[in-house]
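Letter by letter, the chains look like this.
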Amino acid sequence: MNTPRLRILFLTGSQDQASYRYRVEQFLPHWNGFGVKADVFQFVGTHYFRKIALALSSWNYDYVWIQKKTPAGWLVRLMSARTPIIYDFDDAIYTREPYTTGKPRAGRPGSPQVRTRLRKTLRSARMVFAGNSALADYARAYCTRVHIVPTSLDVPQPPASSFIATPVRFGWIGSARNLFYLQCIDQTLAGIQEEYGHSAVFHCMSSTMPENVETRWEFTKWTPQAEKTWLKTIDVGLMPLTDDPWSRGKCAFKLLQCMANGHPVIGSAVGANFDVIENGVNGYLAETEEDWKNAVGDLVTAPGKLRTMGEVSRNIFDKRFSRAHVQKTIAEKIWSDFDSRQQNGKGFYAQKR
């Protein structure tokens with residue numbers, strides 16, 4: 001796929017966000033191998049006149065890829081009149097986050113501004129890449145070309161060790177906002193600590209310590225480098241969720257990080273967790289407090305399962321969620337659409353150059 005060479009302009013928000021790192025940045029060094037020239041522009045916070053110039057120059061590209069953010073309607077219309085738009089999102093930004101109260105302020109998920117802009121962007125999009133089935137179902141109300149593209153990451157190097165330590169180390173990783181979810185399993189985990197003593201240890205990686213919980217968490221402050229080391233030191237990944245539209249829009253990325261490192265996982269029976277957990281095979285889906293207690297207890301009392309389930313986790317990740325596999329799928333979707341447009345006389349690449 002070297003000629004013709006596609007050019008894609010990626011419009012992003014903050015480049016510090018995980019969505020950018022894992023759904024744009026990690027792909028950039030590899031696009032040349034798929035015949036794609038990728039340019040990135042951080043448009044959030046950019047001056048109004050700079051945005052106009054950007055929109056007018058979008059005809060130089062074969063696609064404009066908008067990553068998660070919802071630009072003003074006029075900007076989307078201006079760009080889509082010149083170049084097909086790909087919209088990519090991995091959060092249910094059309095609904096309110098469950099840990100917030102009151103009316104969301106403008107620009108926050110679930111606010112009238114974001115919902116309106118999202119609908120207009122989806123209607124204008126040539127294609128939509130959605131992080132899971134819940135997001136895809138929402139997008140299909142506004143766009144006919146919707147593809148599920150899970151969030152991915154590169155296979156860790158070197159491969160994770162299969163050594164099983166005692167005690168069993170259960171790990172949760174997430175932002176300070178998502179510490180909210182630890183409340184869902186706090187009583188259960190605190191009870192497990194009382195029952196199993198030092199055989200089960202719970203590790204948290206975030207920007208701040210969990211507060212107002214009975215579970216004793218060992219805490220590691222998040223940094224990009226510390227994350228890589230921490231993921232190798234735990235034995236089991238945890239992902240509790242509430243069952244609501246926001247949580248159903250999550251893409252199980254915490255679980256995928258643990259699976260990539262060869263760990264079994266336990267997650268709430270919600271949303272994309274169903275897509276990555278084969279219950280009883282590479283981990284456990286938990287719906288009730290009793291499910292959580294049984295899942296954690298099973299891995300504490302039968303440590304041999306850590307190795308076998310961990311190996312299955314790694315295999316599932318390699319086959320379906322590795323960066324190389326996901327990027328190949330994305331490239332195939334884009335090239336197929338481009339070829340279709342060319343055949344229908346709607347591809348302008350050759351005329352532009």
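See the structure shown above.
All values derive from a computational prediction rather than experimental measurement.

Draft legend 1. Molecular detail of the pairing of strand 4 (residues 85–89). In terms of burial, strand 4 is largely enclosed, as 5 of its 5 residues are buried. Side-chain alternation along strand 4 places Ile85, Tyr87 and Phe89 on one buried face and Ile86 and Asp88 on a second face that is also buried. Relative to strand 4, strand 3 (residues 63–67) is paired through 4 bridges, and the arrangement is parallel. Each bridged residue has a counterpart across the sheet, and for Val64 the counterpart in strand 4 is Ile85. Once you follow strand 3 into helix 3 (residues 73–80) and on to strand 4, the crossover reads as right-handed. Here strand 4 pairs with strand 5 (residues 127–130) via 4 bridges, running parallel. Bridge pairing in strand 5 links Asp88 to Phe129. A crossover links strand 4 with its parallel partner strand 5, the connecting element being helix 4 (residues 112–124), and its sense is right-handed.

Draft legend 2. Layout of the side chain of Asn132. Tracing the chain through its elements places Asn132 in the loop between strand 5 and helix 5 (133–139). At 3.2 Å, the side chain of Asn132 and the backbone oxygen of Gly249 are in polar contact. Within the structure, the side chain of Asn132 is placed 2.7 Å from the backbone oxygen of Lys250, a separation counted as a polar contact. When near neighbours in sequence (up to four residues on either side) are disregarded, Asn132 contacts Ile148, Arg248, Gly249, Lys250, Cys251 and Ala272.

Draft legend 3. Region of interest: the pattern of salt bridges. Enumeration over the complete set of coordinates arrives at 18 salt bridges. Between Asp337 and Arg126 there is a salt bridge, with its nearest N and O atoms 2.8 Å apart. Highlighted residues: Asp337 in helix 13 (residues 323–343) and Arg126 in the loop between helix 4 and strand 5, separated in sequence by 211 residues. When its relative accessible area of 7% is taken as the criterion, Asp337 is described as buried. A residue is classified by how much of its surface remains accessible, and Arg126, at 17% relative accessible area, is buried. Asp318 is the salt-bridge partner of Arg314, the closest N and O atoms lying 3.3 Å from each other. Here Arg314 and its partner Asp318 are both found in helix 12 (residues 304–320), 4 residues apart, which amounts to about one turn of the helix. Classification of Arg314 as buried rests on a relative accessible area of 14%. Given a relative accessible area of 30%, Asp318 falls into the partly exposed group.

Draft legend 4. View of the sheet that holds strand 1 (residues 6–12). Taken in spatial order, the 6 strands make up an open sheet running 2-1-3-4-5-6, and their pairing is parallel. The open sheet has two edge strands, strand 2 (36–42) and strand 6 (146–148), and neither has a second partner. The sheet shows a mean angle of 20 degrees between the axes of neighbouring strands, taken without regard to direction. Alignment of strand 1 against strand 3, held across 4 bridges, turns out to be parallel. Each bridged residue has a counterpart across the sheet, and for Phe10 the counterpart in strand 3 is Trp65. Packing against the sheet, helix 3 makes contact with strand 1, strand 3 and strand 4, and its axis sits at approximately 135 degrees to strand 4.

Thresholds applied
- Residues numbered from 1 in each chain as written.
- Predicted model: local features only at pLDDT ≥ 70, side-chain atom pairs only at ≥ 80, totals over all residues.
- Heavy atoms only, no water.
- Buried < 20%, exposed > 50% of the residue type's maximum accessible area, 1.4 Å probe, protein only.
- Helix = DSSP H or I, 4+ residues; strand = E, 2+ residues; numbered from the N terminus.
- Pairing = 2+ DSSP bridges.
- Right-handed = clockwise from strand over helix to strand, strands pointing away.
- Polar contact = N/O pair within 3.5 Å; in protein donor to acceptor, adjacent residues only side chain to side chain.
- Contact = heavy atoms within 4.5 Å.
- Salt bridge = Lys/Arg side-chain N within 4 Å of Asp/Glu carboxyl O.
- Axes fitted to C-alpha atoms, helices over the stretch in contact; angles between N-to-C directions.

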